[in-house]
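Coordinate inspection notes
Given next are the chains, with one letter for each unit.
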Amino acid sequence: MDFALIMFVALVITGVIWLLDSLFFKAKRPKDAKLPVLTEYAKSFFPVILAVFMLRSFLVEPFKIPSGSMIPTLLVGDFILVNKYTYGIRLPIINKKILNVGEPKEGDVMVFRYPKDPSLDYIKRVVGVPGDTVTYRNKRLTINGKPLVTINDGSYNYIGRGLNYVSTEQYKEQLGQHLHEIITQSDRPSIDLSQVDSQFPYRENCDYNDAGFTCKVPQGYYFMMGDNRDDSTDSRYWGFVPDRNIVGRAFMVWWNFDDLKRIGHMIE
C-alpha cells in the first residue's frame, strides 16, 4: 500500500478520535480522571503524523535507490532527498497539481510513478520535455537536431547484478544546465528492440531501428533515460512519463551505509 495513503489514514483516525474527545467525551469525564488509552495515543501521535505527512507531501520526501540504472550519478544503496514543490504543489494521494511552480527541465534527475504500474517509483534523468525531438543513435543523444556535447572521461567499473564485474566507458555529457556523467558498454546495442513495448501511449511518435530511435515528446509528457545507458529500462522501452506521474526532483544523497563519503553529495 502507498505510504502516503497509510499516513493519511492514520492522520484521519487519530484526528477524529481527538476531535470527538474534545467535543463530547471530555466534558463527561471527571476532572481528575485519566485519559482513555486510545485517546491519549491519538492526542500524542496526531501532531507528529500531521508534521510528517505535510513534510513528505509538500516539501521533501526520502527515497532509496534500488538499482544501478543511474550509475555513476546515483549508486545502489543511496538514500536521496526529493524536492516535492520544484514542479508544483500537488495534492497527496491523488497527485493532482493545484499550484504550478515550475516545470521539469532537460537534465533534471526526477522521481516519478512508473506509467505501467503507478504504485512503483522510478528515478531517471529528463532528456526530453514536451515538444522535444529526442534521438539516440550509436550511444549519443541528439535533442532537436543538436548533438549533445560529450567528453570522454576514462573508464568506470562496478559490480553489477549477480556479482558480475561490469567494465564501461565514462563520458561527461552536457544536457541543459547539467554537466553530468554517463556510462556505456561498447559490446551492448543502443537499444534492445525485442524489449520495446509496442503498445505504450503515443508509440506512433517514435521510430526505431537497430542503431537507435527518434521520438517526438507529446505535450504533457516527458522522456526519461538512465545515466547507465546500457543497463536502464526507461522511456526507450516503455514510453513517455505523463505530468500527473511526477513526484519531484532529486537533489541530494543524505545517506549510504556502504560509502559515508556520499553523505551530502549534491545530485547534478
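Residues numbered from 1 in each chain as written. Predicted model: local features only at pLDDT ≥ 70, side-chain atom pairs only at ≥ 80, totals over all residues. Heavy atoms only, no water.

**With respect to the side chain of Asn83**
Structurally, Asn83 is set in strand E2 (residues 79–83). Judged by relative accessible area, Asn83 falls into the buried class, the value being 10%. One polar contact links Asn83 to Thr86, side chain to side chain, over a distance of 3.0 Å. (Helix = DSSP H or I, 4+ residues; strand = E, 2+ residues; numbered from the N terminus. Buried < 20%, exposed > 50% of the residue type's maximum accessible area, 1.4 Å probe, protein only. Polar contact = N/O pair within 3.5 Å; in protein donor to acceptor, adjacent residues only side chain to side chain.)

**Description of the sheet that holds strand E1 (residues 60–64)**
Strand order in the open sheet formed by seven strands is E1-E2-E17-E5-E6-E15-E16, and the pairing between neighbours is antiparallel. The two strands at the open ends of the sheet, each matched to only one other strand, are E1 and strand E16 (241–242). The pairing of E1 with E2 spans five bridges and is classified as antiparallel. Within E2, the position partnered with Lys64 by the bridge is Phe79. (Pairing = 2+ DSSP bridges.)

**Considerations on the pairing of strand E17 (residues 246–255)**
Remember that side chains alternate between the two faces of the sheet whenever the strand is regular. In terms of burial, E17 is a largely internal element, seven of the 10 residues being buried. Both strand E5 (residues 109–113) and E17 contribute to a ladder of three bridges, which runs antiparallel. Paired with Met110 across the bridge in E17 is Arg249.

**A word on the state of the cysteines**
By the definition in use, this model includes one disulfide. Between Cys206 and Cys215 runs a disulfide, and the two sulfur atoms are separated by 2.1 Å. One disulfide, between Cys206 and Cys215, carries an S-S torsion of 120° and so falls in the right-handed class. (Disulfide = S-S within 2.5 Å.)

**Examining unusual backbone geometry**
A negative phi angle is the norm for most residues apart from glycine, just as the trans form is the norm for most peptide bonds. In this structure, Pro72 follows Ile71 across a cis peptide bond, with omega equal to 5°. Structurally, Pro72 can be placed in the loop between E1 and E2. Located in the positive-phi region is Ile93, a residue other than glycine, with phi close to 75°. With respect to the secondary-structure elements, Ile93 resides in the loop between strand E3 (89–91) and strand E4 (96–99).

**Quick word on the packing of helix H1 (residues 3–25) against helix H2 (residues 37–58)**
For any two helices packed against each other, the geometry is given by the interaxial angle and the distance between the axes. Running from amino to carboxyl end, H1 crosses H2 at an angle of 140°, the nearest separation of the two axes being 8 Å. Between H1 and H2, the angle falls in the class oblique. Once H1 is placed against H2, the crossing between them reads as left-handed. Contact with H1, carried on its side by Phe3, Ala4, Met7, Phe8, Ala10, Leu11, Thr14, Gly15, Ile17, Trp18 and Asp21, involves Leu38, Thr39, Ala42, Lys43, Phe46, Pro47, Ile49, Leu50, Val52, Phe53 and Arg56 of H2 and no other residues of that element. Across the contact of H1 with H2, the residue classes tally to 16 nonpolar, three polar and three charged. (Axes fitted to C-alpha atoms, helices over the stretch in contact; angles between N-to-C directions. Parallel < 35°, antiparallel > 145°, perpendicular 65-115°, else oblique. Left-handed = near helix turned anticlockwise from the far one by under 90°. Contact = heavy atoms within 4.5 Å. Nonpolar A, V, L, I, M, F, W, Y, C, P; charged D, E, K, R; others polar.)

**Points about the nonpolar core**
Counting residues in hydrophobic clusters, the biggest one holds 20 residues, and the most contacted among them are Val134, Leu141, Tyr208, Phe213, Phe223 and Phe240. Those elements that provide at least two residues to this core are strand E7 (133–137), strand E8 (140–143), strand E13 (206–209), strand E14 (212–216) and strand E15 (221–225). In terms of residue count, E15 provides more of this core than any other element does, three residues in total. If you look at the next biggest cluster of nonpolar residues, it comprises 13 residues, including Ile80, Ile123, Val247 and Ile267. (Core = buried A, V, L, I, M, F, W, Y, C linked by side-chain atoms within 4.5 Å.)

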